[in-house]
Amino acid sequence: MTAPTDFVDPLDALDAPPPRPAPAGRARQALELLSSMRFAITLLTVICIASVIGTVVKQNEPFNNYVNKFGPFWAELYGHFQLFTVYSAPWFLLILAFLVVSTSLCIARNAPKIVADLRSFKEHVREQSLTFFHHKAQATLPLARTATLDQVAAVLGRNGWRARAQVRAHGTMVAARTGRASKVGYLAAHSAIVLICLGGLADGDLIVRAQMALTGKSVFDGGYQFIKDVPAEHRLPAGNPTFRGNLLVPEGARAGVALLSMPQGTVLQELPFDVELKKFNVEYYETGMPRLFASDIVIHDHESGEAIPATVKVNEPAFHRGIAIYQSSFEDGGSAVQLRALPLTAAGPPFDLKLRVGENTTLTSENGEQKFQLEVTGLKVINVENMAEASASGGTDVRKVDLAGALDKHLGAGVNPDKAKTLRNVGPAITYRLRDSAGQAREFHNYMLPIELDGQRVFVAGVRESAAENFRYLRMPADENMSLDGWLRLRTALNDPALRDRAARRYADQATPTGKPEMNDQLRLTASRALTLFAGIEAPAKGAEAMRLGGLNALSQFIETSVPEAERSRIAEVMLRILNGALFDLNQLAREQAGLKPLETGPTTEAFMTQAVLSLSDSFFYPAPVLLALADFTPVQASVFQVARAPGKTLVYIGAVLLILGVFAMLYVRERRLWVWLADGEAAGTTKLMLAMSTPRRTLDIDADFDRLRDELLAAPVSQPVGKP
């Protein structure tokens, strides 16, 4: 006989590839995966990792800051994955959307089962199945079935159980349950995740970007001097359903347009009202740190014309037309400042400038060759610095011999940080920019009052090339009148050839040893050469590549190029002593010329001269021909408000409450079910009782609860009950 044609060898069947699922089967598998718990947990893990990145890495900073911190390669790589704008990145919003869909599907799939389980007491179980439970007991009670049922109902009610009885032909099944909130907690926790994610999506910039795309709006990155000049294509209407921006209002002024920062630029948000700042109030601690700041404002409604007074404090916002007005910070609002311009590269006289913060003017050198655009950018009346172990010796110690090793740093930090902090208000400071004819700008930060560092009062003037850098500070000693005049007088005298020659002669006359008059000319020439090199008048080296340096750096280069290596240490020490003595005499001559009495020798004068030598040397690295000192000011404060319309806030609050309740219910509410089977006993007037209890989680508390409940239900047994196996 031949085998049937449909016969299949079992070995061939094992080797055959598994059948491909049908399209409907693949769709169901995808739906099962999307609504599964493991998929939601994976999404939550990714969101947590992204949130950690968004917390550790400062968001929405200028890209140059990230290049400075991470380097060009890593900054470009991180920027490609939008790690600098995590919370508004499309991939982050997409993950949030998938989490909402996944959790919603999970709720939709399990909610009917949970609701049905909440309604069911499962009183239809068979009495034989009770013997298979872990927690079980049985006994015969000397009561009729009806009396036993009443006793069981009383015990269950007294212990908070809800019960339902089913009367059968040969007995009665009592089904009871407690801890139903545990199931509700599951729904509450999952619903909370959905609400919080929806609230986050609603309050993010997703809706703003969608509205901009649909209405043809775009961002801008500057180019307009006033907000009123910004065209309508960069403005969002007042009816925008959600936004969060900043509003700067100076004292005595009003504003009704907020700035929304986007990853590519800025867009303006029209408000349905104007905010007028009547007065800004700020209180300080003894250290100078702000203790409390608040704004007295008036809200001018555009539609009704109503003026509503309000006070906005930190964490105490004002509300109008569904928009919250928060106190974010405070800045300068256009203070009037008087600046004293002190020339550094020429012997011209100082002059005064009167400007307001935010204004600019043009500065021109005496010969007309250099022009700078002065932009006054900020005034801070209170400046709190850490003064712990601050050091003012950022330059070179003139008592040292190794000039080359000591000149590695110029214009160091104004105050050196330390773990132990001593906070102190060091007074007002002015910030400005000087922009040259090529458009290159440097930022300057000068303190008005002298700061005490290492027991000496110094004036501090900072400079940096860009906002991504820290300020480097020039530290100039204060004179006996706590002013900068003494240092400036010495700086001017250093540029005077006649005074330099007189100082060299005076030094030579005082330093020439008795009995060796032939050394006078040599000392005079050496002192004159040291002053000329220090003043930057003479190049320290010969040749086409030689350049005028000035300061201690010029002396160092002169010694390295003119003195044999074996003699450099000795010659450097001699040159420094001669320079110190000549500069002291130069300062005395400058004081005599100004009609002041000479300085007396002592520790105070020595400290002044030491710091003067250091700062004069560092001043040749100061990248501006003029130093602007703050002479006087009239402050005008401005409040920075954060205005927000956040419809998702309510969803987030509700979600947070549901999450707390849900997690509490799932962790601390124990769901338990109890079945009690009552049947007539063998003897008349007795009832055979069998009970069993189930719980999703077995704990020691459950064992104790069952033992206590069993003892109450079998309070008067006729026969010994059978406990747990």
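Fair warning: this is a prediction, and the values are worked out from it, not measured in the lab.

About the criteria used
- Residues numbered from 1 in each chain as written.
- Predicted model: local features only at pLDDT ≥ 70, side-chain atom pairs only at ≥ 80, totals over all residues.
- Heavy atoms only, no water.
- Helix = DSSP H or I, 4+ residues; strand = E, 2+ residues; numbered from the N terminus.
- Buried < 20%, exposed > 50% of the residue type's maximum accessible area, 1.4 Å probe, protein only.
- Contact = heavy atoms within 4.5 Å.
- Areas by Shrake-Rupley, 256 points an atom, 1.4 Å probe, with all protein chains shown as cover.
- Salt bridge = Lys/Arg side-chain N within 4 Å of Asp/Glu carboxyl O.
- Pairing = 2+ DSSP bridges.
- Axes fitted to C-alpha atoms, helices over the stretch in contact; angles between N-to-C directions.
- Parallel < 35°, antiparallel > 145°, perpendicular 65-115°, else oblique.
- Left-handed = near helix turned anticlockwise from the far one by under 90°.
- Nonpolar A, V, L, I, M, F, W, Y, C, P; charged D, E, K, R; others polar.
- Patch = residues over 30% accessible without salt bridge, like charges linked within 9 Å, V, L, I, M, F, W, Y side chains within 5 Å.
- pLDDT = per-residue confidence, 0-100.
- Expected span 1.5 Å × (residues − 1).
- Arc of directions from axis to C-beta.
- Polar contact = N/O pair within 3.5 Å; in protein donor to acceptor, adjacent residues only side chain to side chain.
- Core = buried A, V, L, I, M, F, W, Y, C linked by side-chain atoms within 4.5 Å.

**Things to note about the overall build of the protein**
Right, on to step 1. In terms of helices and strands, the protein carries 18 helices and 26 strands.
Right, on to step 2. When the 725 residues of the protein are sorted by exposure, 42% land in the buried category.
Right, on to step 3. A separation of at least 24 residues holds for 66% of the contacts in the protein among residues at least 6 apart in sequence.
Right, on to step 4. When the accessible surface of the protein is totalled, it reaches about 39000 Å², and 56% of it is carbon and sulfur.

**Some words on the pattern of salt bridges**
Right, on to step 1. Scanning the entire structure with this criterion turns up 34 salt bridges.
Right, on to step 2. The shortest N-O distance in the salt bridge between Arg-670 and Asp-701 comes to 3.7 Å. Taken together, the residues span a long stretch of sequence, with Arg-670 in the loop between α17 (648-668) and β25 (672-680) and Asp-701 in helix α18 (residues 700-713) at a distance of 31 residues.
Right, on to step 3. Residue class for Arg-670 comes out partly exposed when judged on its relative accessible area of 31%.
Right, on to step 4. Notably, a salt bridge pairs Asp-705 with Arg-708, separated by 3.8 Å at the nearest N-O pair.

**Quick notes on the sheet that holds strand β23 (residues 626-634)**
Right, on to step 1. Pairing is antiparallel in the open sheet, where three strands are placed in the order β13-β12-β23. In this open sheet, the two strands that pair with only one neighbour each are β13 (351-356) and β23. Each adjacent strand pair in this sheet contributes to an overall mean axis angle of 30°, direction not counted.
Right, on to step 2. Where strand β12 (residues 336-343) and β13 come together, six bridges link them in antiparallel fashion. Looking across to β13, one finds that Arg-340 is bridged to Asp-352.

**What to know about the sheet that holds strand β2 (residues 162-168)**
Right, on to step 1. Across the sheet, five strands lie side by side as β1-β26-β25-β3-β2; this open sheet has antiparallel pairing. For this open sheet the edge positions go to β1 (135-141) and β2, each flanked by a neighbour on one side alone. Each strand axis lies, on average, 15° off the axis of its neighbour in the sheet, ignoring direction.
Right, on to step 2. Here β1 runs beside strand β26 (residues 687-694); their pairing, made up of seven bridges, is antiparallel. Bridge pairing in β26 places Leu-141 opposite Thr-687.
Right, on to step 3. Contacts from α18 reach β1, β25 and β26 within the one sheet, and its direction differs from that of β1 by about 10°.

**Notes on the packing of helix α11 (residues 485-494) against helix α16 (residues 603-619)**
Right, on to step 1. At a minimum axis separation of 11 Å, α11 and α16 run at an interaxial angle of 60°. Classified by the angle between their axes, α11 and α16 sit oblique to one another. Here the hand of the crossing between α11 and α16 comes out right-handed. When α11 is examined against α16, the residues Gly-486, Trp-487, Leu-490 and Arg-491 are found in contact with a partner set consisting of Phe-608, Met-609, Ala-612, Ser-615, Leu-616 and Ser-619.
Right, on to step 2. Of the residues contributing to the contact of α11 with α16, the split by class is six nonpolar, three polar and one charged.

**Some thoughts on a nonpolar patch on the surface**
Right, on to step 1. A cluster of nonpolar residues, Ile-196, Leu-659, Val-663, Phe-664, Leu-667 and Tyr-668, forms a patch on the protein surface that exposes about 560 Å² of accessible area.
Right, on to step 2. For the nonpolar patch, the element with the most residues is α17, which contributes five residues.
Right, on to step 3. Inspection of the secondary structure assignment puts Ile-196 in helix α8 (residues 181-203).
Right, on to step 4. A residue is classified by how much of its surface remains accessible, and Ile-196, at 30% relative accessible area, is partly exposed.

**Things to note about the confidence of the model for the protein**
Right, on to step 1. Mean pLDDT over the protein works out to 84, with 88% of the residues at or above the 70 mark.
Right, on to step 2. Contacts for the low-pLDDT stretch residues 717-725, under 50 throughout, to residues beyond four places or in other chains number 25 contacts.

**Focus on helix α3 (residues 37-56)**
Spacing of three or four residues puts side chains on the same side of an α-helix, whose turn is 3.6 residues.
Right, on to step 1. A rise of 1.5 Å per residue sets the reference length of α3, with its 20 residues, at 28 Å; its end C-alpha atoms lie 29 Å apart and thus fit the reference within 8%.
Right, on to step 2. Listing the buried residues of α3 in full gives Ala-40, Leu-43, Ile-47, Ala-50 and Gly-54. Down the axis, α3 shows its buried residues gathered within 90° of arc, on one side only. Turned more than 90 degrees from where α3 packs its buried face, Arg-38, Ile-49, Thr-55 and Val-56 sit exposed.
Right, on to step 3. For α3, the secondary structure elements touched by its buried residues are α6 (90-119).
Right, on to step 4. Capping of α3 at its N-terminal end is provided by Ser-36; its side-chain oxygen lies 3.4 Å from the backbone amide nitrogen of Phe-39.

**Comments concerning the packing of α8 against α17**
Right, on to step 1. In the contact formed by α8 and α17, the axes pass within 7 Å of each other and the chain directions differ by 155°. In terms of orientation, α8 lies roughly antiparallel with respect to α17. With respect to the hand of their crossing, α8 and α17 are arranged in left-handed fashion.
Right, on to step 2. When the residues that make up the contact of α8 with α17 are grouped by side-chain class, the tally is 17 nonpolar, seven polar and two charged.

**Things to note about helix α13 (residues 519-534)**
Right, on to step 1. Here α13 is 16 residues long and its end C-alpha atoms lie 22 Å apart, about the 22 Å a rise of 1.5 Å per residue gives.
Right, on to step 2. The set of residues buried in α13 consists of Asn-520, Leu-523, Arg-524, Ala-527, Ala-530, Leu-531, Thr-532, Leu-533 and Phe-534.
Right, on to step 3. Where the residues of α13 are buried, they touch α11, α12 (497-511), α14 (551-562), α15 (568-593) and α16.
Right, on to step 4. Within two residues after α13, Gly-536 carries a phi angle of roughly 75°, on the positive side.

**Comments concerning the nonpolar core**
Right, on to step 1. Grouped together as the largest cluster of nonpolar side chains are 70 residues, with contacts concentrated most on Val-337, Leu-339, Leu-374, Phe-534, Leu-583 and Tyr-622.
Right, on to step 2. The element contributing the most residues to this core is α15, with ten residues.
Right, on to step 3. One finds Val-208, Leu-277, Phe-280 and Ile-297 within the second-largest nonpolar core, a separate group that totals 25 residues.

**Things to note about the environment of Ile-382**
Right, on to step 1. Along the chain, Ile-382 falls in the loop between β15 (371-380) and β16 (384-386).
Right, on to step 2. The exposure class of Ile-382 is partly exposed, given its relative accessible area of 23%.
Right, on to step 3. Along the primary structure Ile-382 and Arg-424 are separated by 42 residues, whereas in three dimensions their C-alpha atoms are 9.8 Å apart.

**Focus: unusual backbone geometry**
Right, on to step 1. One non-glycine residue, Gln-82, lies in positive phi territory at about 60°.
Right, on to step 2. Considering the arrangement of structural elements, one finds Gln-82 in the loop between α5 (72-80) and α6.
Right, on to step 3. Residue classification places Gln-82 among the partly exposed residues on the basis of a relative accessible area of 29%.
Right, on to step 4. Phi at Met-482 is positive, roughly 55°, even though this residue is not glycine.

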